[in-house]
Amino acid sequence: MVRTRHLDSAMSALRLIREFGERPDANGNWECLYCFDPARKSAIPEQLFVFFVHDWWNRNYPNERTVPLRDLVLGDHSPGRLLKMQESEVLQRLIEMALRRPKVFQIAESMNLRQLLRLKPSDGFSDLKSAYKTPSFI
């Protein structure tokens, strides 16, 4: 009986997925089952999240200065969906991001719509490099 206990992938390293159980495969060997982890994504540094925001923004709204927060949480290929984050965590990270980077991002609120305002467009690569060199975890 052979048991595989290690999943070597970025999703595992970032703790986006976790081991869920085991089952026998077609040959009778045991294999691990994995599921998306709904817990807070503490392994994702702030700079990596910022990179995801810029990258998503540039792909979906390149000429817009504001986007609804809801789109960042639930939109196609949005940071919230790609990183498998709960809505409350995405919103908290966006608020903290705007507080830490007020010259780049601001939260704009109206009567019925919360938006993120991007004052300085970026490709996000400086944030990505920073995530690897000196990651900041919040």
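Look above for the structure.
Presented here is an overview of the structure given in this document. What you see is a predicted model, and the numbers here were worked out from it, not measured in a lab.

## Points about unusual backbone geometry
As a rule of thumb, non-glycine residues mostly have phi less than zero, and peptide bonds are mostly trans rather than cis. In the Ramachandran plot, H77 falls in the positive-phi region, its phi being about 60° despite a non-glycine side chain. Look at H77 and you get exposed, because its relative accessible area is 60%. A positive phi angle, close to 55°, is found at K84, a residue other than glycine. Note that K84 resides in the loop between α4 (79-82) and α5 (87-100). Looking at K84, the relative accessible area reads 33%, which means it is partly exposed.

## What about the sheet that holds strand β4 (residues 105-109)?
Taken in spatial order, the three strands make up an open sheet running β3-β5-β4, and their pairing is antiparallel. Each having just a single partner strand, β3 (66-68) and β4 make up the two edges of the open sheet. Here the strands of the sheet are splayed against their neighbours by 30° on average, with no regard to which way each runs. Note: β4 against strand β5 (residues 114-118), five bridges, orientation antiparallel.

## A few points about the packing of helix α2 (residues 46-60) against helix α6 (residues 125-133)
Remark: α2 packs on α6, axes separated minimally by 8 Å, with the N-to-C direction vectors making an angle of 160°. Classed by the angle they form, the pair α2 and α6 counts as roughly antiparallel. The crossing of α2 and α6 is left-handed. In contact with Q47, L48, V50, F51 and H54 of α2, α6 contributes F125, D127, L128, S130 and A131. Per-class residue counts for the contact of α2 with α6 are six nonpolar, three polar and one charged.

## Overview of the layout of surface pockets
Approximately 150 Å³ is the volume found for the largest pocket. If you go around the largest pocket, the residues you meet are P68, L69, R70, V73, E87, L91, S110, M111, N112, L113 and R114. Every element with two or more residues in the lining of the largest pocket is listed here: α3 (69-74) and α5. Sort the elements by how many residues they give to the lining of the largest pocket and α3 lands first, with three residues. In terms of residue class, the lining of the largest pocket is made up of six nonpolar, two polar and three charged.

## Overview of the nonpolar core
Burial of nonpolar side chains together is a common tendency in soluble globular proteins. Among the nonpolar cores identified, the biggest contains 24 residues, and F49, V53, L72, L94, M97, F105 and L116 are the most heavily contacted of them. Among the elements of the structure, α2, α3, α5 and α6 are those that each provide at least two residues to this core. In terms of residues, this core owes the most to one element, α2, which gives seven residues. Apart from the residues within four sequence positions on either side, M97 is in contact with F49, V50, V53, F105 and L116.

Thresholds applied
- Residues numbered from 1 in each chain as written.
- Predicted model: local features only at pLDDT ≥ 70, side-chain atom pairs only at ≥ 80, totals over all residues.
- Heavy atoms only, no water.
- Buried < 20%, exposed > 50% of the residue type's maximum accessible area, 1.4 Å probe, protein only.
- Helix = DSSP H or I, 4+ residues; strand = E, 2+ residues; numbered from the N terminus.
- Pairing = 2+ DSSP bridges.
- Axes fitted to C-alpha atoms, helices over the stretch in contact; angles between N-to-C directions.
- Parallel < 35°, antiparallel > 145°, perpendicular 65-115°, else oblique.
- Left-handed = near helix turned anticlockwise from the far one by under 90°.
- Contact = heavy atoms within 4.5 Å.
- Nonpolar A, V, L, I, M, F, W, Y, C, P; charged D, E, K, R; others polar.
- 1 Å grid on protein atoms, 1.4 Å probe; cavity = no way out; pocket = protein on both sides within 12 Å on 5 of 7 lines; lining within 4 Å.
- Points joined across faces, edges and corners; volume = space filled by probe spheres on them.
- Core = buried A, V, L, I, M, F, W, Y, C linked by side-chain atoms within 4.5 Å.

That is the geometry; function is a separate question.
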